[in-house]
Amino acid sequence: MPWCGVQPGTLLAMQPHDFAHRWDSAAPAVPRRRLRVATSSPSRLLRQGQSRRCRECGNRVDWYPRADHRPIGLHPYELPTCPVPIACHWHLSGGIAYRGADSAWCRIPHAAVCPRRAPDSNLTPTLTELRRRLAVLTRRRIDAGLFTPPPPVTCPTTAQPDERPVLPIVEILRIRYLAEQPLEELRCVSQTRRGHRCPHPVLDPAAPGGVWSSAAISSGTGQLALPTDHLVLYDLNGVPYAEQLRWRTQRCPAHMAANTAPDLALAGWQVFDPLTHHTHIRTSLPDSPPSLRGPEADSTGPLPSPTRRRTTCRGRGRNR
Ligand SMILES: [Zn+2]
Ligand SMILES: [Zn+2]
């Protein structure tokens, strides 16, 4: 019995040529489109993976870089501008967070409404209500076993040795930062062709290196109460601007040159604060310059000659 008027033995071309399967029914090999970041984009950070949970309250926070590359955690939803204090107005443009609002809607820092932090006395009723709702969500996540709040900070009765590693202080483009890891372990933040984070280090033995130097600790408030007035930092001010920018953006030389590769993570620099980061202050120069260990060192050639040391004394107002 012919089916719909088609005689048995007739070959049916049921699909257009573009969607035809191969003889073994496997899907045709369609070349993947590779998305690239526009060279004019102010940010190369992929949004994927930039939403995390606040460590204190467990609510969602979206992280964005600011114009000066410092990260800021924003509440994931926009709010009408009217009931939000001007100091909390943020807007996004090209993946960068800027202060102020360019529309009737704005984003706000999560820290302003985090229920585990002391509320600001100037919080408007709208933000107070939002903070209350976030507190309810925190409670629900705790009750469901999805979140465990961190224990409250208590003052130890006896002095305990601080076992956290001492992280290096690095001065880049005249600004002091605390690195997130030792210099040898700082890893490129860019995405490889396979979609993974680049395994290569930022430290490049073939590139101009910084110098370990001793510099004065400055405080903008004049209320510094530290046992020392000097610290040791890794000074990159003497290397070319492009090289300092590469360190600041935390990329390996190859990904700095290929400016269309997206970033998978934010650079981990924190602006150095002498009081907050006082446990990372070192007063003696290291015995050796930072050097790579393992396969990276082998693949990038011999280490340069030992980096020279320098002792400088800088005036106030260098930290920002
Ligand atoms: Zn929070
Ligand atoms: Zn890289």
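Calculation rules
- Residues numbered from 1 in each chain as written.
- Chains lettered and ligands numbered in written order.
- Predicted model: local features only at pLDDT ≥ 70, side-chain atom pairs only at ≥ 80, totals over all residues.
- Helix = DSSP H or I, 4+ residues; strand = E, 2+ residues; numbered from the N terminus.
- Buried ≥ 20, exposed ≤ 12 C-beta atoms within 10 Å, placed from the backbone.
- Contact = placed C-beta atoms within 7 Å.
- Pairing = 2+ DSSP bridges.
- Axes fitted to C-alpha atoms, helices over the stretch in contact; angles between N-to-C directions.

1. Side note on the overall build of the chain
Point 1. Scanning the chain from N- to C-terminus turns up four helices and 13 strands.
Point 2. Per-residue burial for the chain yields a buried fraction of 23% across its 320 residues.
Point 3. In the chain, 65% of the contacts between residues at least 6 apart in sequence involve partners at least 24 apart.

2. Remarks on the pairing of strand S2 (residues 60-65)
Point 1. As paired strands, strand S1 (residues 51-53) and S2 are joined by three bridges and run antiparallel to one another. Each bridged residue has a counterpart across the sheet, and for serine 51 the counterpart in S2 is aspartate 62.
Point 2. Taking the residues between adjacent antiparallel strands as the criterion, S1 and S2 are bridged by six residues, where glycine 58 takes a positive phi near 80 degrees.

3. Let's talk about helix H2 (residues 241-249)
Point 1. Buried within H2 are the following residues: Gln244, Arg246, Trp247 and Thr249.
Point 2. At its buried positions, H2 is contacted by strand S8 (169-172) and helix H3 (253-257).
Point 3. Looking at the residues trailing H2, positive phi occurs at glutamine 250, about 55 degrees.

4. Let's talk about the sheet that holds strand S3 (residues 71-74)
Point 1. The three strands are arranged S1-S2-S3 in an open sheet whose pairing can be described as antiparallel. The sheet is open, and its two borders are formed by S1 and S3, each paired with just one other strand. The sheet shows a mean angle of 40 degrees between the axes of neighbouring strands, direction not considered.

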